[in-house]
Amino acid sequence: MDTILVTNAGSSSVKFQVFALEPNGALKREVRGQVDGIGSRPRLRATGANRAVLVDRTYENDKLRDVAAALATAGAWLREELRIDPIAIGHRVVHGGPDYSRPVRVTASVLHRLERYIPLAPLHQPYNLAPMRSILASMPSLPQVACFDTAFHRGHSALADHYALPVSLYEEGVRRYGFHGLSYEYIASALPQVAPEIAAKRVIVAHLGSGASMCALEHGRSVESTLGFTALDGLPMGTRPGQLDPGVVLYLISEKGMSPAQLQDFLYRECGLKGLSGISNDMRELQENSDPRAAFAVDYFVYRVGLNAGMLAAALQGVDAFVFTAGIGENSPKIRAAIASRLSWLGVSLDAAANADNRTKISRSDSRVPVYVVPTDEELMIARHTLSLLQEGSTAQSSTARTP
Ligand code: AMP
């Protein structure tokens, strides 16, 4: 059976999933896996469709030095031991810059363009691109598709896309891109089935995971995001501060003597829930900890979600529904309840039992704004994009072949 490999490569790990293309055209998840500990103690783990462990293997560090080598090892394992030889690979790429409003087939010139956005996502983009480059070199005929976290937001109005900076900076790419687009696109695609009554309306989606943002959807399209030029803006996250007065950055440079590299490390790895609590970047750990600093970090997170919901409600000129997704949004009734109570002024009223049960609709029947929990699936979104680009490619080829 034809399969599609989906990858999500980071600095020290690469996650992958395999989807089988069923005869009816549906995509069925067959394998979930990851190689983590790249650069320290590489370990390949994967489970099958029924969550049974398929492999759990560690490697010498010098055998798996980088992300590209890690993905090559996972690919060899899939081919040799599971007889899975994907017909295409879909890659998650964090930044598509101003150029890409949809996924694109990977070529040398596409890679060259995407390298320009490394400074905009320094902790993600280089690792996203590395496996694409090495696969293009070793298996040039294997179709690869780059799917961007920014693409879904490219339809934003000029008002939403600008900072109040000289226009020359906008022209060179300093724009409010927005991220988590594959997650929001998946949610927008799922709403017509799970909540058809609100799918075409004004919906705020809160993607609350270790990275966190919110998106304003209207008719299933993104009109505003809490994230901007990089993935540092908006909500506080596991290790990132969220919205910050740029004056703080100036202070860190002038008074603390931080270099660009130190600042980058500080803002991406030492702030957010971790910095504020001094305990952990992990929401579950914070909720289980009795230290008041943990409770303060949780309260801060909830407060900022509420503030940002107000901003998105203003962008939409009203709210018809609210959707929670990602690790915290899908799994924490407590945080959902705390956020909902901050949104009561907007007309949100939760059904405590439905919320505790993680049901799809968790608001009371008389809540003016209905609230839903919709699990996200960025990997399935990437697999769908990869398949549709392949199919477009084969249609284009067959129509070219027919042209005299
Ligand atoms: P993600 O990045 O989407 O995988 O989400 C990771 C975040 O979700 C981490 O902060 C986890 O602590 C948090 N999370 C997962 N399950 C729960 C839970 N049951 N309660 C609170 N937070 C959770």
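Note that the coordinates shown come from a computational prediction; the quantities given were computed from them, not determined experimentally.

### Focus on the environment of N128
Structurally, N128 is set in helix α3 (residues 125-138). A C-alpha to C-alpha distance of 9.2 Å links N128 and A146, two positions 18 residues apart in sequence. Each residue touching N128, except ones within four places of it in the same chain, is listed here: A9, R92, V93 and V94. Within the local environment of N128, its side chain forms a polar contact with the backbone nitrogen of V94, the two atoms lying 2.9 Å apart.

### Observations concerning the packing of helix α1 (residues 67-82) against α3
Close contact between α1 and α3 brings their axes to 8 Å; oriented N to C, the two are set at 60°. As summarised for this structure, α1 and α3 are arranged oblique, according to the angle between their axes. Considering the relative orientation of α1 and α3, their crossing is right-handed. Side by side, α1 and α3 meet where V67, A68 and L71 of the first sit next to Y127, A130, P131, S134 and I135 of the second. Of the residues in the contact of α1 with α3, the class split is seven nonpolar, one polar and no charged.

### With respect to the site of the ligand
With respect to spatial proximity, the complete set of residues near the ligand consists of G209, S210, D282, M283, R284, Q287, A326, G327, I328, N331 and S332. One nitrogen or oxygen atom from the side chain of D282 is found 2.6 Å from an oxygen atom belonging to the ligand. Separating an oxygen atom of the ligand from a backbone N or O atom of M283 is a distance of 3.0 Å. Out of a free accessible area of 500 Å², the ligand has 73% covered by protein chains. Of all the secondary structure elements, the ones that give two or more residues to the shell around the ligand are α10 (283-288) and α12 (326-331). For the shell around the ligand, the residue count by class is three nonpolar, six polar and two charged.

### A short note on the packing of aromatic side chains
Within this structure, the stated rule accounts for three aromatic pairs. Each ring, one from Y100 and one from F148, has its centre 5.0 Å from the other, and the planes form 15°; the classification is stacked. Separated by 48 residues along the polypeptide, Y100 in the loop between β6 (88-93) and β7 (104-105) and F148 in strand β8 (residues 144-148) bring together distant segments of the chain. Comparing Y100 with F148, the two get one shared label, buried. Its end group placed over the ring of Y170, R175 keeps NZ or CZ at 4.0 Å from the ring centre.

### Comments concerning unusual backbone geometry
Of note, the phi angle at R51 is positive, near 70°, even though the residue is not glycine. Its location among the elements puts R51 in the loop between β4 (43-48) and β5 (53-58). Despite not being glycine, H219 shows a phi value in the positive range, around 55°.

### Some thoughts on the pairing of strand β10 (residues 212-218)
Two faces make up the sheet, and in a regular strand the side chains alternate between them. For β10, the tally of buried residues reaches six of seven residues, placing the bulk of the element in the interior. Across seven bridges, the pairing between strand β9 (residues 202-208) and β10 is antiparallel. Pairing of R202 across the sheet is with E218, part of β10. Linking two consecutive strands that pair antiparallel, namely β9 and β10, is a turn of three residues. The sheet contact formed by β10 and strand β11 (residues 221-225) spans four bridges and is antiparallel. Across the sheet, the residue bridging to L217 is S222, located in β11. From the end of β10 to the start of β11, which pair antiparallel, there are two residues, and H219 there has a positive phi angle of about 55°.

### Observations concerning the side chain of S225
Here S225 lies in strand β11. Look past the residues within four positions of S225 in its chain and what remains in contact with it is H153, H156, R176, G178, F179, M214, C215, M311 and L312.

### Let's talk about the sheet that holds β9
Within the open sheet, the five strands sit side by side as β11-β10-β9-β12-β13. Their pairing is mixed. Across the chains shown, the open sheet's two edge strands, defined by having one partner strand only, are β11 and β13 (371-373). Each strand axis lies, on average, 25° off the axis of its neighbour in the sheet, ignoring direction. Of the pairings in the sheet, the one linking strand β12 (residues 321-325) to β13 comprises three bridges and is parallel in character. Its bridge partner being in β13, F322 is matched across the sheet by V371.

Parameters at a glance
- Residues numbered from 1 in each chain as written.
- Predicted model: local features only at pLDDT ≥ 70, side-chain atom pairs only at ≥ 80, totals over all residues.
- Heavy atoms only, no water.
- Helix = DSSP H or I, 4+ residues; strand = E, 2+ residues; numbered from the N terminus.
- Contact = heavy atoms within 4.5 Å.
- Polar contact = N/O pair within 3.5 Å; in protein donor to acceptor, adjacent residues only side chain to side chain.
- Axes fitted to C-alpha atoms, helices over the stretch in contact; angles between N-to-C directions.
- Parallel < 35°, antiparallel > 145°, perpendicular 65-115°, else oblique.
- Left-handed = near helix turned anticlockwise from the far one by under 90°.
- Nonpolar A, V, L, I, M, F, W, Y, C, P; charged D, E, K, R; others polar.
- Near = heavy atom within 4 Å.
- Areas by Shrake-Rupley, 256 points an atom, 1.4 Å probe, with all protein chains shown as cover.
- Phe/Tyr/Trp six-rings, centres within 6.5 Å; stacked < 30°, edge-to-face > 60°.
- Buried < 20%, exposed > 50% of the residue type's maximum accessible area, 1.4 Å probe, protein only.
- Lys NZ or Arg CZ within 6 Å of the ring centre and 35° of its normal.
- Pairing = 2+ DSSP bridges.

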